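Descriptive structure summary
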Amino acid sequence: MLRLVFSLLFVLATNYAWSAACCGGGLSVPTMIISDDRAQFSTSYGVTHVTVDNVDDQGIWRRWDQHQSVQTLKIEGAHILADRWQVGASIPVITRQYGDQTFSGLGDIATSLSYEYLSDWNYNPYRPKGIGFIQLNLPTGKSRADSEVGGLDSRGNGFWALGAGTMLSKSWAIWDVFVLLEWHRSFEKSVNTSLVQGTVYPGYGSNLGFGFGYNWAMYRAGFSLTQTQEDTMEIKSNNINIKQGFERWSTMGVSFSYLQGESWSWTVTYSDQTLFGDPLNTSLGKSLGLQLQHRWAR
Amino acid sequence: MSGKMVSIICVSILVLANCARPKYVEETTSNQTPAGKVEVAAECSAVFSESKYCLSWYWENKPTSKQTGSLIFKVYRLNQFDKTAVPVDFKSTPDVILWMPSMGHGSTPTQTARLDVGTYRVSNVFFIMPGDWEIRFLVKDENDAAKIADGVNVAIGI
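As for the overall build of chain B
Helices and strands together make up the secondary structure of chain B, namely 1 helix and 10 strands. Secondary structure of chain B in N-to-C order comes out as α-β-β-β-β-β-β-β-β-β-β. Considering chain B as a whole, with its 158 residues, one finds that 24% of them fall into the buried category. In chain B, once contacts between residues fewer than 6 apart in sequence are set aside, the share between residues at least 24 apart is 51%.

Structure follows, in structure tokens:
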């Protein structure tokens, strides 16, 4: 059981780091209880430093001597509704800095409904535990399309979005693994700024990831790799159509967790978007985060 | 005696004549094009989509990662006779937007001021990241400010 708990810690702790380093974008993965607990509550704080300011549509990386940094404070909770059903929610507060400019505010609130469609009740050596989920993203954060300053004040995706996906997890002795698949659709909205007047069509996106962990005593060390992609975003105004390029980036994460008693746990996570994959039309960053989680047993 | 006098007079005339510093008025003035030469026709590589006016621009102060910059741009039409530049004004001062197409976002707002007929300064030019950008010179519709009546995009690498 502890190993499954740790798997959960790992996924959650790297969650904030999956978004595009610059200007918001991307969609986080929902808060879920993967262990046998009744409820959980966690808070995390992470700092992301943009180290590659721009990767263009040819895959060329560019960096300046001044970079953005993003701080994310997040509270998350999940609760069992019935035997296999659960709900979850996350509320981030995001602060973005560039030079002497600082922008701060509420990010996108995400809610989710999950169902455990594969149970590991008999500890089958091969069959994983499977949880399917749907997620609703509320556009409480500011999208880069709403920004008057090129996305420096953006705080997330900023669109209504509906997602669905699954997480498969499995433990063998001291090892655990998980696979995560998630697809989402962001919905269009009207924008009226000095830069853009019209309708923005964001399109589809996905997260595809896997990870594994090594457990000993009250500790766990883990690794994960997630590829995120977002469709071309189109802006249609009265007489101008603008198309943004297809976005893609990969986030590698390593984590170290400590289980303090049966109910509390601490996780330190380092993530890096510059090491894997073939990024396009994005910025890349490195993040350091700390998460504290409390769980209530069934 | 008379011969001597004539000789002295002639020598004096010659001496006076050698000392002369004549200043002739040029027959052609400096603002006239020398015969056989014509004014060079203006380039028109960036063209506004509707009016077909031409645009040229240059950095007055090139922006950096930490400092804003400014640029000067000129709007002109080509003289129908010899294709030289004739400055023209739009009815309203054009707006200038900095846009990164690949990532679908702009940058901080700029300010445009008219300096002379067809000549404008764009200040507060700042790019929030390096990469391929567009400088969009836009003229709003005089009846509907939400509509763009004319414009031209210039691609640059930062």
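Observations concerning the overall build of chain A
The secondary structure content of chain A amounts to 1 helix and 18 strands. Residues counted as buried form 49% of the 298 residues belonging to chain A. Excluding contacts between residues fewer than 6 apart, the proportion of contacts in chain A whose partners are at least 24 apart in sequence is 64%.

Looking at the nonpolar core
For soluble globular proteins, the rule of thumb is that nonpolar side chains tend to be buried together. Leu55(B), Phe73(B), Val122(B) and Phe137(B) are the most contacted members of the largest nonpolar core, which has 24 residues in total. If you list the elements that add at least two residues to this core, you get β2 (54-61), β3 (69-78), β5 (95-100), β8 (119-125) and β9 (132-140) of chain B. With residues near it in sequence (within four places) discarded, Phe137(B) still touches Leu55(B), Phe73(B), Pro94(B), Val96(B), Gly151(B) and Val152(B). Listed in part, the 8 residues of the second largest apolar core include Met32(A), Ile34(A), Met167(A) and Phe178(A).

Things to note about the sheet that holds strand β11 (residues 197-201) of chain A
Residues and elements named next belong to chain A. What the 4 strands build is an open sheet, ordered β10-β11-β14-β15; its pairing is antiparallel. With partners counted over all chains shown, the strands left at the sheet margins are β10 (189-192) and β15 (241-243), one partner each. Sheet twist, expressed as the average angle between the axes of neighbouring strands with direction ignored, equals 25 degrees. In the sheet, strand β14 (residues 234-237) pairs with β15 via 3 bridges, with the strands oriented antiparallel. Opposite isoleucine 235, over in β15, you have isoleucine 242 as the bridge partner.

So, the sheet that holds β5(B)
All names here are of chain B. Read across the sheet, 4 strands follow the order β6-β5-β9-β10 without closing on themselves; strand pairing throughout is antiparallel. Only two strands of the sheet have a single neighbouring strand rather than two, namely β6 (105-106) and β10 (148-157). Strand direction decides the pairing type here: β9 and β10, joined by 9 bridges, are antiparallel. Counted as the bridge partner of arginine 136 is asparagine 153 from β10.

Considerations on the interface of chain B and chain A
Listed as interface residues are 20 residues of chain B and, on the opposing side, 30 residues of chain A. Partitioning the side of chain B that touches chain A into residue classes produces 9 nonpolar, 8 polar and 3 charged.

Section: the confidence of the model for chain B
Residue and element names in this part refer to chain B. Confidence in the prediction of chain B, expressed as mean pLDDT, is 82, and 77% of residues score 70 or more. Under a pLDDT of 50 for its full length, residues 20-31 has, in the predicted model, 0 contacts with residues more than four places off or in other chains. As a predicted assembly, this complex carries a pTM of 0.82 together with an ipTM value of 0.78.

Things to note about the pairing of β3(B)
Residues and elements named next belong to chain B. One ladder, built from 7 bridges, connects β2 with β3; its direction is antiparallel. Opposite serine 56, over in β3, you have lysine 74 as the bridge partner. Sheet topology note: the β3/β8 ladder contains 5 bridges and is antiparallel. In the strand pairing of β8, phenylalanine 73 is matched with tyrosine 120. Relative to strand β4 (residues 85-87), β3 runs antiparallel, the two being bridged by 3 bridges. Counterpart to leucine 78 in the pairing with β4 is alanine 85. Linking β3 back to β4 in an antiparallel pair, the connection comprises 6 residues, with lysine 83 at a positive phi of about 65 degrees.

What to know about unusual backbone geometry
Residue and element names in this part refer to chain B. Residues other than glycine seldom take positive phi values, yet lysine 83 does so here, at roughly 65 degrees. Mapped onto the fold, lysine 83 is located in the loop between β3 and β4. Looking at lysine 83, the number of C-beta atoms within 10 Å reads 16, which means it is partly exposed. With a phi close to 60 degrees, asparagine 124 is a non-glycine residue in the positive phi region. Within the fold, asparagine 124 resides in strand β8.

Focus on the environment of Ala46(B)
Residue and element names in this part refer to chain B. For alanine 46, the location among the structural elements is in strand β1 (residues 46-47). Sequence separation between alanine 46 and valine 152 is 106 residues; the distance between their C-alpha atoms is 6.9 Å. Look past the residues within four positions of alanine 46 in its chain and what remains in contact with it is Cys54, Leu55, Val152 and Val154.

Regarding the pairing of strand β4 (residues 85-98) of chain A
Each regular strand shows side chains that alternate between the opposite faces of the sheet. All names here are of chain A. With burial as the criterion, only one face of β4 is covered, namely that bearing Gln86, Gly88, Ser90, Pro92, Ile94, Arg96 and Tyr98; the residues Trp85, Val87, Ala89, Ile91, Val93, Thr95 and Gln97 on the opposite face remain uncovered. Where strand β3 (residues 69-80) lies against β4, 12 bridges are found, and the strand directions are antiparallel. Bridge pairing in β4 places isoleucine 75 opposite isoleucine 91. Between β3 and β4, which pair antiparallel and follow one another directly, the connecting turn spans 4 residues. Across 6 bridges, β4 lies against strand β6 (residues 109-118) in antiparallel orientation. Paired with tryptophan 85 across the two strands is tyrosine 115, which belongs to β6. Judged from the 6 bridges that link them, β4 and strand β5 (residues 101-106) form a sheet pairing that is antiparallel.

Conventions adopted
Residues numbered from 1 in each chain as written. Chains lettered and ligands numbered in written order. Predicted model: local features only at pLDDT ≥ 70, side-chain atom pairs only at ≥ 80, totals over all residues. Helix = DSSP H or I, 4+ residues; strand = E, 2+ residues; numbered from the N terminus. Buried ≥ 20, exposed ≤ 12 C-beta atoms within 10 Å, placed from the backbone. Contact = placed C-beta atoms within 7 Å. Core = buried A, V, L, I, M, F, W, Y, C linked by C-beta atoms within 7 Å. Pairing = 2+ DSSP bridges. Axes fitted to C-alpha atoms, helices over the stretch in contact; angles between N-to-C directions. Nonpolar A, V, L, I, M, F, W, Y, C, P; charged D, E, K, R; others polar. pLDDT = per-residue confidence, 0-100.

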